[in-house]
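Structural description and commentary
Residue-level listing of the chains:
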Amino acid sequence: MEIIIQKKVSEAVKTLYGKDIDINHVQVEETRKDFEGDFTIIVYPLIKCSKNTPEKTAEEIGQYLIKNLQGVSGFNVIKGFLNLNIADNWWVKFFKEFSLQGNLFEPCKVKNPETIMVEYSSPNTNKPLHLGHIRNNLLGFSLYHLLKSCGHNAIKTNIVNDRGIHICKSMLAWVKFGNGETPASSGIKGDHLVGKYYVMFENAYKAEVDNLVSKGIDEETARQTAPLMLEARDMLRKWEAGDREVVNIWRMMNKWVYEGFDETYKKLGVDFDRIYYESETYKDGKELVMKALNKGLLYKRDDGSVWADLTGEGLDQKVLLRSDGTAVYITQDIGTAVARQNDYKFDKCIYVVGNEQNYHFQVLKAILKKMGFNWADGLIHFSYGMVELPEGKMKSREGTVVDADDLIEEMIQTAREVSLELGKLEGFTQTEKKEIFRKVGLGALKYFILKVDPKKNMLFNPAESIDFNGNTGPFIQYTYARIKSVMRKAAQNSIVSDPKLLELAIPNAKEINLIKILRRFATVVSEAAKSYNPSLIANYCYELAREFNQYYHDYTILGEKDEIIRNFRLLLSERISYVLNEAMWLLGIEMPERM
Ligand code: ARG
């Protein structure tokens, strides 16, 4: 419709004012919510042709369209905006095409697809995943689906920060206090076991520091000289030197962690096309730094450490290699970025990382550009806010984290309780029920997190997230299952729907409104992909589900006597369930066929 309107407006300008105007310069949008109409033409750019006021120009073009464009049933003018009303029969025609359309994402395809890597998850290997990682994984996974659906060559990637002082701390504690404990011997999931030793290190280390402080040593010196810290540093140096014993322990413990992570990813339903490991890229990073140093792009301080001076870019001085030559966090990011560019020649690389690392990513881009990598312009930090539980702040060090596995389990458990309470699940087998609890529990968790603007900090409220009547995943899942049940009943009663009869139907206002919402699907997907904002999809699903529920409450579908209307309602419901399913898939949420 937009294109037809553009053409007609260009024709109107030619006829009315004798001027040629390229149809791509005619701006047509969907009318904003607070105004009356379906499509809006922005008239301001046209007044140079009409040599008249915006109001007068809009009025003239509006009159022209009413006479010359079928489907336009009325218009109103607000300043330089010409709002068009589209006739009901046009919407019905649209719905007919839409209900036959095989791939809903066809209209979302971009003209110039890009190669876009989406990095998400990116855990450290010293402890299990937590609630923050859940938000991270959900955002990254959904962003990937959005970009892919719009025709981009999207690649899911992950960087595992598997080396450094943090993992040495877990290793050291295991060597000292572990007595050879393994996931198999203890029955503890690998990442949790390693996390347990990390906490053990922190506690023992804190005791040492306290002890030193009580002897009159100042806090900072105590932290630097506590025996456990010295030993951990020694272990890191040995690791970088390739010491066999240390490397073997590191391999073994990392393997435990990966097996644990894999389980969590699987439960969460996320995966990756390519995983990078810091242990494999940090050396490239070091080399790149040395090369840039030799070219005079970086500088060395007296203690031997290597620095980038970014004051010209409005940033700070940044250390890239410590005085003992070891790599820091950003060193591996330099190596990883270059490896990814070599492997995939990406146009963009989107880092899904919390907003506490905003500065880090500014610095990373500035350093890569300083090194002469112009593609670094395509590095984008998708910075999201923090997520907390209502009880209080999430902490990552002291073991009071909201653990991802625990939370997922709890959500499934809550889904079970709520469903049983509602008594909805008679006649289901044990296996079917389990599947429903899993889908509902995860649907609640994912939807609640994704419906929030990624930039904002948020509270995750488990009880609210699973409310079947709110703006929640289960509400949308329930709406979907409801439609599916209508469709099953139709099939049982041999009621077949026929798209050919659609155009004979005269829909009521609620039905027209539902068609209008369906039509917005492609626009919302494109918008969400462009603005990296899955919450637009979530809120779209809610609007569609809510409107459908009200409609379903007011009208009967299978009980309708008029065959043409019943046919139309059945097809409308069917399409709504289809759109809901596809939209929720973009969020990584599975829909139960019945619940
Ligand atoms: N592992 C890091 C952390 O837990 C996050 C890594 C983010 N990605 C990156 N390319 N630096 O803080």
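Conventions and cut-offs
Residues numbered from 1 in each chain as written. Predicted model: local features only at pLDDT ≥ 70, side-chain atom pairs only at ≥ 80, totals over all residues. Heavy atoms only, no water. Helix = DSSP H or I, 4+ residues; strand = E, 2+ residues; numbered from the N terminus. Buried < 20%, exposed > 50% of the residue type's maximum accessible area, 1.4 Å probe, protein only. Areas by Shrake-Rupley, 256 points an atom, 1.4 Å probe, with all protein chains shown as cover. Lys, Arg positive; Asp, Glu negative; His and termini not counted. Charge placed at Lys NZ, Arg CZ, Asp CG, Glu CD. Pairing = 2+ DSSP bridges. Right-handed = clockwise from strand over helix to strand, strands pointing away. Axes fitted to C-alpha atoms, helices over the stretch in contact; angles between N-to-C directions. Contact = heavy atoms within 4.5 Å. Near = heavy atom within 4 Å. Polar contact = N/O pair within 3.5 Å; in protein donor to acceptor, adjacent residues only side chain to side chain. Core = buried A, V, L, I, M, F, W, Y, C linked by side-chain atoms within 4.5 Å. Disulfide = S-S within 2.5 Å. Parallel < 35°, antiparallel > 145°, perpendicular 65-115°, else oblique. Phe/Tyr/Trp six-rings, centres within 6.5 Å; stacked < 30°, edge-to-face > 60°.

All right, on to the overall build of the chain then. What the chain contains, in helices and strands, is 21 helices and 14 strands. Referenced to the eigenvectors of the C-alpha coordinate spread, the extents of the chain come out at roughly 90 × 65 × 40 Å. Relative to its 595 residues, the chain shows a buried fraction of 54%. Counting every atom, the chain has about 27,300 Å² of accessible surface; 50% of that belongs to carbon and sulfur. Distance between charge centroids for the chain: 3 Å, based on 79 positive and 81 negative side chains.

Along strand β11 (residues 348-354), six of the seven residues are buried, which leaves the element largely enclosed by surrounding structure. Pairing of strand β5 (residues 115-119) with β11 involves four bridges; the strand directions are parallel. Pairing of Met117 across the sheet is with Cys349, part of β11. Sheet analysis places β11 next to strand β12 (residues 379-384), joined by six bridges and oriented parallel. The residue bridging Cys349 from the neighbouring strand is Leu379, located in β12. Tracing the backbone out of β11, into helix α14 (residues 358-370) and back to the parallel element β12 gives a crossover that is right-handed.

Now for unusual backbone geometry. Across the chain, the bulk of peptide bonds are trans and the bulk of non-glycine residues have phi less than zero. Its identity is not glycine, yet Lys51 carries a phi of approximately 50 degrees, on the positive side. Inspection of the secondary structure puts Lys51 in the loop between α2 (47-50) and α3 (54-68). Look at Lys51 and you get exposed, because its relative accessible area is 66%. Despite not being glycine, Ser122 shows a phi value in the positive range, around 45 degrees. In this fold, Ser122 is placed in the loop between β5 and α5 (131-149).

What follows concerns the sheet that holds strand β7 (residues 274-277). Pairing in this open sheet of five strands is parallel, and the strands run β7-β6-β5-β11-β12 from one edge to the other. Either end of the sheet is taken by a strand with one partner, and the two such strands are β7 and β12. Going from strand to strand, the sheet's axes swing by 25 degrees on average, the running direction of each strand aside. Against the sheet, α14 engages β11 and β12, with an angle of about 180 degrees to β12.

Among the 13 residues in the neighbourhood of the ligand, the closest are listed as Ser122, Asn124, Asn161, Tyr329 and Asp333. At 2.4 Å from a nitrogen atom of the ligand is found a side-chain nitrogen or oxygen belonging to Asn161. Expressed as a share of its isolated accessible area of 350 Å², the protein-covered part of the ligand is 84%. Within the residue set of the shell around the ligand, elements represented by two or more residues are α13 (329-344), β11 and α14.

On to the sheet that holds strand β2 (residues 39-42), then. Read across the open sheet, the four strands follow the order β1-β2-β4-β3; overall the sheet is antiparallel. Both outer strands of the open sheet, β1 (28-30) and β3 (72-78), are each paired with one neighbouring strand and no more. For this sheet, the mean inter-axis angle between neighbouring strands, taken without regard to orientation, is 30 degrees. Sheet topology places β2 next to strand β4 (residues 81-86); four bridges connect them, and they run antiparallel. Paired with Ile41 across the two strands is Leu82, which belongs to β4.

A word on the side chain of Asn136. Secondary-structure assignment places Asn136 in helix α5. Judged by its relative accessible area of 4%, Asn136 is buried. Side chain to side chain, Asn136 and Tyr384 meet in a polar contact 3.1 Å long. When neighbours within four sequence positions are excluded, Asn136 is seen to be in contact with Tyr120, Ser121, Val352, Val353 and Tyr384.

So, about the nonpolar core. Ile41, Phe460, Ile476 and Ile537 are the most contacted members of the largest nonpolar core, which has 157 residues in total. Per-element accounting of this core gives the leading share, 11 residues, to helix α19 (residues 509-530). Other than its neighbours up to four places away in sequence, Ile537 contacts Leu146, Val524, Val525, Ala528, Ala583, Leu586 and Leu587. Residues Leu298, Val328, Ala339 and Phe373 belong to the second largest nonpolar core, which totals 36 residues.

Attention now moves to the environment of Ala327. By the secondary structure assignment, Ala327 is in the loop between β10 (317-321) and α13. Counting along the chain gives 178 residues from Ala327 to Ala505, while the straight-line C-alpha distance between them is 69 Å. The contacts of Ala327, once residues within four sequence positions are left out, are Arg163, Glu240, Tyr282, Lys286, Leu321 and Arg322.

With the rule as written, the count across this model stands at zero disulfides. Between Cys541, a cysteine without a disulfide, and Cys108, which holds the nearest cysteine sulfur, the sulfur-to-sulfur distance is 13 Å.

Now for the packing of helix α6 (residues 165-177) against helix α11 (residues 244-268). Two elements in contact, α6 and α11, have axes whose closest approach is 10 Å; the angle formed by their N-to-C orientations is 100 degrees. Between α6 and α11, the angle falls in the class roughly perpendicular. Taking contact as the criterion, the partners of Ile167, Ser170, Met171, Trp174 and Val175 in α6 are, on α11, Val246, Ile249, Trp250, Met252, Met253, Asn254 and Trp256.

Right, let's talk about the packing of aromatic side chains for a bit. Using the criterion set out here, one finds 28 aromatic pairs in the structure. Taking 5.4 Å as the distance between ring centres and 25 degrees as the angle between the ring planes, the aromatic pair formed by Phe94 and Phe98 counts as stacked. Placement of both Phe94 and Phe98 in helix α4 (residues 88-100) is noted, with a separation of four residues, approximately one turn of the helix. By the burial criterion, Phe94 is buried, and Phe98 matches it. A centroid spacing of 5.9 Å and a plane angle of 50 degrees characterise the contact between Phe521 and Tyr540, whose relative ring orientation is tilted. Taken together, the positions of Phe521 in helix α19 and Tyr540 in helix α20 (residues 535-554) put the pair 19 residues apart, joining distant regions of the chain.

In this section: the pairing of β2. Regular strands place their side chains on alternate faces of the sheet. Neither face of β2 is left uncovered, since the one carrying Phe39 and Ile41 and the one carrying Thr40 and Ile42 both have all their residues buried. Two strands pair when backbone bridges link them, and β1 and β2 are joined in this way by three bridges, in the antiparallel orientation. Its bridge partner lying in β2, Val28 is registered against Ile41.

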